[in-house]
Amino acid sequence: MPKTSTESVNTTVTISQPASIAPKDTATIFNPAKPNIAEDSQADVSQANTNQTYHHKANHNQNRSIEQSSHVVSANAPVNAAPKIGFVSLGCPKALVDSERIITELSRDGYQVASDYEGADLVVVNTCGFIESAVQESLDAIGEAISKNGKVIVTGCLGKEAEKIREMHPAVLAVTGAHAYDEVITAVSQHVPKPNRSQDANYDPKIDLINEAGIKLTPSHYAYLKISEGCNHRCTFCIIPSLRGDLVSRPIDSVMNEALALKNAGVKELLIISQDTSAYGLDLKYRTSFWNGMPLKSKFYDLCQALNDLGIWVRLHYVYPYPHVDKVVELMGEKKLLPYLDIPFQHASHRILKAMKRPAHSENTLARIKAWREICPDIVIRSTFVVGFPGETEEDFQCLLDWLVEARLDRVGAFTYSEVEGAVANDLPNHVPEDVKQERYERLMTLQQDISAQKLQEKVGKTLMVLVDEIDSEEGIAICRSYADAPEIDGHVYVDDITAQVKVGQFLTVTIDDASEYDLFASYKG
């Protein structure tokens, strides 16, 4: 088996359809090459200038092109049965979920989703504005949609900068902000009227059967579940609250209804996302709702307990290390929850964390990690870090390196600090030169690569349960993930000599034979 795949990035071409119809396997292009910066708005921009291997992206990136966003309608529906809307979705999973919801609502209204610009009556571009490279990528995507189609509606985080968008692309038909579902749907209907079902002999009534799972742009065996929107923190390098507002949690019965619908649609893994997952329910004052005949509080711990009862993998992302997370780790120790935490620590120097205005910046995170590992020895921790924040000295950076040596995190992504329009940190003194940022970034990733290699080597000889993401039939290899691997940002488990009976979305128990810096290689006895 080739072991040149430690830098792999997946580009998923997804065929989605109403969740009430049996999910189909998705076709996936496996690309063992280095990430293309133009296609990855939230990866470290400095990757473009280094030959160093880079695997763990700083943030989830779930970009979907217009072709990748297309979905399958009923096999009996003719090609021209209804107006077609094209979608380009950029940015993180939270934006991807927004695109999924818009597509679901438009599908309920009778629209279809186009697979190319030429076949679309209108194109919706869901933008990202997290960092400057993402802003540029979004502006470029809008320009491409205008040049190839002409009728374009813009939504998403960059939508807050409507003047900037219209100045560069005056032909756009409408601009909305993030998670503005109703505004997007209204704008679409203004420019491409809804199909009249009573006069459409080709109308497919099965579209009315779309349940709460909705239409997904992910493979059929995993899905993102957004539990809240917005954030109450005011980190100085981040503009998310200005783009998406303060914390707004979904009532727990709404979350659980969607989770159950996804499970019933064949989903094997739920990835829980938000801006601040561990703050879930704070704005609702942990209000009690009834679900499945039982009272449930809209609270992080209670939600984790309820999700566990579904009997599928549940992976937690964007968790802040508040003390109450300890109780959730206890669930993991009792094997009632996938032992995986995605925690954006961002730095280790208390001085820098204070300048960032990070929550819990005075906490002893090393002590908390140690306690978590005592509670749950198998726990996997992924994190992201900002290198070269304004005022970061060599001493501050060395503090971060020393922290990483002691913490021995399983998965680490990093990005160099870049100014984002509207971020408070832009006005801080003593900005770090670009060449120093780059040098520090490379040192951090080299250190973490060694840590990752050591930790994965410890798994050789052990057995693991893995979930099959792809099948390379020519090589006879299954490309899988263990509980330690989130899709598209973490490593893989490559399983040799599989049989034709092995399918995408299946769980396998495998033996680990070898390891590289980021990936595992295994055998399967059937």
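So, here's what we can say about the structure.

Conventions we followed
- Residues numbered from 1 in each chain as written.
- Predicted model: local features only at pLDDT ≥ 70, side-chain atom pairs only at ≥ 80, totals over all residues.
- Heavy atoms only, no water.
- Helix = DSSP H or I, 4+ residues; strand = E, 2+ residues; numbered from the N terminus.
- Buried < 20%, exposed > 50% of the residue type's maximum accessible area, 1.4 Å probe, protein only.
- Areas by Shrake-Rupley, 256 points an atom, 1.4 Å probe, with all protein chains shown as cover.
- Pairing = 2+ DSSP bridges.
- Contact = heavy atoms within 4.5 Å.
- Axes fitted to C-alpha atoms, helices over the stretch in contact; angles between N-to-C directions.
- Parallel < 35°, antiparallel > 145°, perpendicular 65-115°, else oblique.
- Left-handed = near helix turned anticlockwise from the far one by under 90°.
- Nonpolar A, V, L, I, M, F, W, Y, C, P; charged D, E, K, R; others polar.
- Salt bridge = Lys/Arg side-chain N within 4 Å of Asp/Glu carboxyl O.

1. Topic: the overall build of the chain
Within the chain, the regular secondary structure consists of twelve helices and 22 strands. Put simply, the chain has 526 residues, and 59% of those count as buried. Accessible surface, the chain as shown: approximately 20800 Å² in total, 50% of it carbon and sulfur.

2. Topic: the sheet that holds strand β6 (residues 152–156)
Pairing is parallel across the open sheet formed by five strands, whose spatial order is β4-β3-β5-β6-β7. Unpaired on one side and paired on the other, β4 (112–113) and β7 (174–175) mark the two borders of the sheet. The strands touched by helix α1 (residues 93–108) within the sheet are β3 (84–89), β4, β5 (122–127) and β6, with β3 carrying the most contacts at an inclination of about 175°. Together, β3, β5 and β6 form the strand contacts of helix α2 (residues 132–148), whose direction differs from that of β5 by roughly 175°.

3. With respect to the environment of Gln-448
Checked against the element boundaries, Gln-448 lands in helix α12 (residues 434–457). For the pair Gln-448 and Val-405, spaced 43 residues apart in the sequence, the C-alpha separation amounts to 8.2 Å. Leaving out residues up to four positions away in the same chain, Gln-448 has contacts with Leu-404, Leu-409, Asp-410 and Val-412.

4. Digging into the packing of helix α8 (residues 325–333) against helix α10 (residues 365–375)
In a pair of packed helices, the angle between the axes and the distance between the axes together describe the arrangement. The interhelical angle for the contact between α8 and α10, taken along N-to-C directions, is 30°, at an axis separation of 8 Å. Classified by the angle between their axes, α8 and α10 sit roughly parallel to one another. Of the two possible hands of crossing, α8 and α10 adopt the one that is right-handed. Between α8 and α10, the residues in contact are Val-325, Asp-326, Val-329, Glu-330 and Gly-333 and Arg-368, Trp-372 and Ile-375, respectively. Of the residues in the contact of α8 with α10, the class split is four nonpolar, one polar and three charged.

5. Section: the pairing of strand β8 (residues 222–226)
Put simply, side chains in a regular strand alternate between the two faces of the sheet. In terms of residue burial, β8 counts as a mostly covered element, since five of its five residues are buried. The pairing of β8 with strand β11 (residues 269–273) spans five bridges and is parallel. Across the sheet, the residue bridging to Leu-225 is Ile-272, located in β11.

6. So, the pattern of salt bridges
Scanning the entire structure with this criterion turns up 29 salt bridges. Between Lys-148 and Glu-144 there is a salt bridge, and its shortest N-O distance comes to 3.2 Å. Of this pair, Lys-148 and Glu-144 both sit in helix α2, four residues apart, roughly one helical turn. Given a relative accessible area of 42%, Lys-148 falls into the partly exposed group. Residues Glu-439 and Arg-443 are paired through a salt bridge, measuring 3.2 Å at the closest nitrogen-oxygen approach. One end of the pair, Glu-439, and the other, Arg-443, are both in helix α12, four residues apart, so they sit about a helical turn from each other. For Glu-439, a relative accessible area of 37% translates into the label partly exposed. Within this structure, Glu-392, Glu-394, Glu-439, Arg-440 and Arg-443 form a network of salt bridges that share partners.

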